[in-house]
Amino acid sequence: MLDLNLPSEKMLPFSYFFEISKIPHGSGNCGKIADYLVSFAKKHGLNYERDEHNNVLIRKPATAGYENRPTVILQGHTDMVAEKAPSSDIDMSCEGLRLFADGDLIGAVDTTLGGDDGIAVAYMLAILSSSDIPHPALEALFTSDEEIGLIGASLVDGSWFSGKTLINIDSEEEGVFTVGCAGGVRVDMSLGKKACERLSEGVYSVKVDGLIGGHSGVEIDKGRANAARIIAEILSSLDNVRISSIKGGNMDNAIMRECEAVFTTSLDDGAISKKILSLVSKISDEHPDDGPIRVRLNELSESVFFTYDDSRSIVSCLNSLPFGVLKMSEDIAGLPESSANIGVVRISAEADSSYLTSSLRSSSKSELARMKGDCMKIAEGHGFTIDFRGEYPAWEYRKDSRLRDCAVALYRKMYGKEPVVMTIHAGLECGALSQKIDGLDCISIGPDMTGIHTTEERLSVSSSVRVYEFILALIKAL
Ligand SMILES: [Zn+2]
């Protein structure tokens, strides 16, 4: 085990963190960790539930003197984003992580660490296994597959719970309490096989890359360029274009950083370059953060193409789809209310089918419904079929929250400063769980983490210790 130089009571959550790091638990692979949680509950004589989605709930009765307090739900997700360095030989579907400590930080060699959200699992196991922590009756909820669409939280059985107060431990900044978030939905648009033709004259590829990208929720307000939109603008600026393919992006919740198209046009390469240069310099001016946008034009020998009409329709569809911040919140300064992102494009004249994926977010239910309607019209108008999946509800800010008031007062008392209380433009499980439990009062907190979802993910040991102490004090105070 890694030596963190901590006294044993502070070491307890870390020993569970190290334990679960040995169990593969990437998204879609939560069975083994659910097995582990069930055997943990049995070993400690605790009542538990488990469902076919690998959600697990473990109940622990109140300690002496806390029997009359309301039940508190603690919650975190068991899955992690399983990313690894291209050079790594680790098989994250069946091997454990190789943890290391570097000063105050814990990381994993060549992979994500799963501090998001393993630290929540570790905190809950430490509290559940303890005999000397005072607390009210606890319901510790371990949800599955949060990272691929809040799946566990959306499917968990609401009748499992008697508590109405929930502490979600899935935030990445100590001293920041999240108390509301946007809802959202993923949009899949597809195009069946179309008539196509092989051409060998005037065939080019154009590739846009070097963009900053970022998270399509929390970074959508930074005004960053989307590579799919740049490609669509380039193609629509050229004359008599036919498309062979447009490919870019891997995740619907990331702003697309690179995209490549193969096309023909009646223009010669000098004219194409001129048009691209002027367009890209205009786009660069509009997105100063992205720095100089890199565009490469190459001549190819041949390819298979859509008809002119289908090509026009595809480009127009990409240009028509909503992108970026669509509306700012009227209640909270600086917070986007509604936004959209085109995350993945796979269009090819040769393939049996083509598709693109985007994600819509809004803290307003009616606005999200309106945006879905807009996408439906755009899809239908351009010959695409459309499907919506993984819709999750907004977590609406509560005017009255005993939990929030209690957490703020406690934070002030413990640290002598004000916490940041905010709502965010990204999905959290609290929204889905609020739909399951009537009148739920919740808050999301967590220790300092950086680089989540990447191989640079790091968890701060000292912050994890403080947040653990804060949670112990909070459940005692509620
Ligand atoms: Zn998370």
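If you're wondering where the values come from, they're calculated on a predicted model, not measured in any experiment.

J.: Please provide a residue-by-residue account of the overall build of the chain, values included.
T.: Of regular secondary structure, the chain possesses 11 helices and 25 strands. Here the C-alpha atoms of the chain give a radius of gyration of 25 Å, agreeing with the 23 Å that 2.2 N^0.38 yields for 478 residues. Its C-alpha atoms give the chain principal-axis dimensions of about 80 × 45 × 45 Å. Buried positions account for 46% of the 478 residues belonging to the chain.

J.: An account of the sheet that holds strand β5 (residues 105-108) is requested, with residue identities and associated values reported.
T.: Overall, antiparallel pairing links the 4 strands, which are arranged β4-β5-β25-β24 in an open sheet. The open sheet has two edge strands, β4 (99-102) and β24 (449-450), and neither has a second partner. Two strands pair when backbone bridges link them, and β24 and strand β25 (residues 458-460) are joined in this way by 2 bridges, in the antiparallel orientation. Paired with M449 across the strands is L459, a residue of β25. Here helix α11 (residues 461-477) sits on the sheet in contact with β5 and β25, set at roughly 55° to β25.

J.: Provide a residue-level description of helix α9 (residues 402-415), including the pertinent values.
T.: The first and last C-alpha atoms of α9 sit 20 Å apart over 14 residues, in line with the 20 Å expected at 1.5 Å per residue. If you check which residues of α9 are buried, you get L403, A407 and Y411. Angular distribution of buried residues about the axis of α9 spans 65°; they occupy a single face of the element. Exposed residues on α9 whose side chains face more than 90 degrees from its buried face are D405, A409, R412 and K413. On its buried side, α9 packs onto β7 (165-168), β8 (176-181), β23 (441-444) and α11. Backbone geometry just after α9 places G416 at a positive phi near 65°.

J.: How would you sum up the domain arrangement of the chain? Please name residues and give values.
T.: In terms of domains, the chain is made up of domain 1 (8-182 + 395-477) and domain 2 (184-392). Here domain 1 and domain 2 have C-alpha centroids that lie 36 Å from each other. Opposite the 11 residues of domain 1 that make contact, domain 2 presents 14 residues. Within the residue set of the side of domain 1 that touches domain 2, elements represented by two or more residues are β22 (420-424) and α10 (429-436). Here the side of domain 1 that touches domain 2 is built from residues that sort into 5 nonpolar, 6 polar and no charged.

J.: Help me get a handle on unusual backbone geometry, residues and values and all.
T.: The amide bond that connects D116 to the next residue, D117, takes the cis arrangement and shows omega of 10°. Inspection of the secondary structure puts D117 in helix α3 (residues 115-129). You will see that N5, though not glycine, has its phi angle at about 60°, which is positive. Relative to the elements of secondary structure, N5 occurs in the segment before α1 (8-21). On the basis of neighbour counts, which here come to 9 C-beta atoms within 10 Å, the residue N5 falls in the exposed class.

J.: Which residues make up the packing of α9 against α11, and what values go with them?
T.: Packing of α9 against α11 leaves a shortest axis separation of 10 Å and a crossing angle of 130°. The angle between α9 and α11 places the two elements in the oblique class. With respect to the hand of their crossing, α9 and α11 are arranged in right-handed fashion. On α11, the residues that touch C406, A407, L410 and M414 of α9 are F470, A473, L474 and A477. Looking at side-chain class alone, the contact of α9 with α11 contains 8 nonpolar, no polar and no charged residues.

J.: Go over the packing of helix α5 (residues 227-237) against helix α7 (residues 308-320), please, and point to the residues and values.
T.: Between α5 and α7, whose axes approach to 9 Å, the crossing angle comes to 135°. Considering their axes alone, α5 and α7 lie oblique with respect to each other. The way α5 lies across α7 gives a crossing that is left-handed. From α5, A228, A232, E233, L235 and S236 reach across to α7, where they touch V315, L318 and N319.

J.: Explain the environment of V187 residue by residue, including any values.
T.: In this fold, V187 is placed in strand β9 (residues 183-192). With 17 residues separating them along the chain, V187 and Y204 place their C-alpha atoms 30 Å apart. Those residues within four positions of V187 in sequence are excluded, and the remaining contacts are T357, S358, S359, L360, C375, I386 and F388.

J.: Got a sec to walk through the pairing of strand β13 (residues 242-248)? Specific residues and values, please.
T.: Counting buried residues along β13, 6 of its 7 residues qualify, which places the element largely inside the surrounding structure. Of the pairings in the sheet, the one linking β13 to strand β15 (residues 259-264) comprises 6 bridges and is antiparallel in character. Considered in β15, the bridge of I246 is made with A261. The sheet contact formed by β13 and strand β19 (residues 336-348) spans 4 bridges and is antiparallel. Its bridge partner being in β19, K247 is matched across the sheet by R346.

J.: I'd like a description of the nonpolar core, backed by residues and values.
T.: Note that soluble globular proteins tend to have their nonpolar side chains buried in a common cluster. Ranked by size, the top nonpolar core spans 76 residues in total, and within it L37, A122, Y123, M124, A140 and I167 carry the most contacts. For this core, the element with the most residues is α3, which contributes 10 residues. By size, the runner-up hydrophobic cluster in this structure holds 51 residues, among which are A225, I246, V262 and A379.

J.: I'd like to hear about the environment of S464, residue by residue, with values.
T.: Note that S464 resides in helix α11. When the 27 C-beta atoms within 10 Å are taken as the criterion, S464 is described as buried. Beyond its immediate stretch of four places on either side in the chain, S464 contacts P13, I119, P447 and L459.

Criteria and cut-off values
- Residues numbered from 1 in each chain as written.
- Predicted model: local features only at pLDDT ≥ 70, side-chain atom pairs only at ≥ 80, totals over all residues.
- Helix = DSSP H or I, 4+ residues; strand = E, 2+ residues; numbered from the N terminus.
- Rg over C-alpha atoms; globule rule 2.2 N^0.38 Å.
- Buried ≥ 20, exposed ≤ 12 C-beta atoms within 10 Å, placed from the backbone.
- Pairing = 2+ DSSP bridges.
- Contact = placed C-beta atoms within 7 Å.
- Axes fitted to C-alpha atoms, helices over the stretch in contact; angles between N-to-C directions.
- Expected span 1.5 Å × (residues − 1).
- Arc of directions from axis to C-beta.
- Domains from an automatic or database assignment.
- Nonpolar A, V, L, I, M, F, W, Y, C, P; charged D, E, K, R; others polar.
- Parallel < 35°, antiparallel > 145°, perpendicular 65-115°, else oblique.
- Left-handed = near helix turned anticlockwise from the far one by under 90°.
- Core = buried A, V, L, I, M, F, W, Y, C linked by C-beta atoms within 7 Å.

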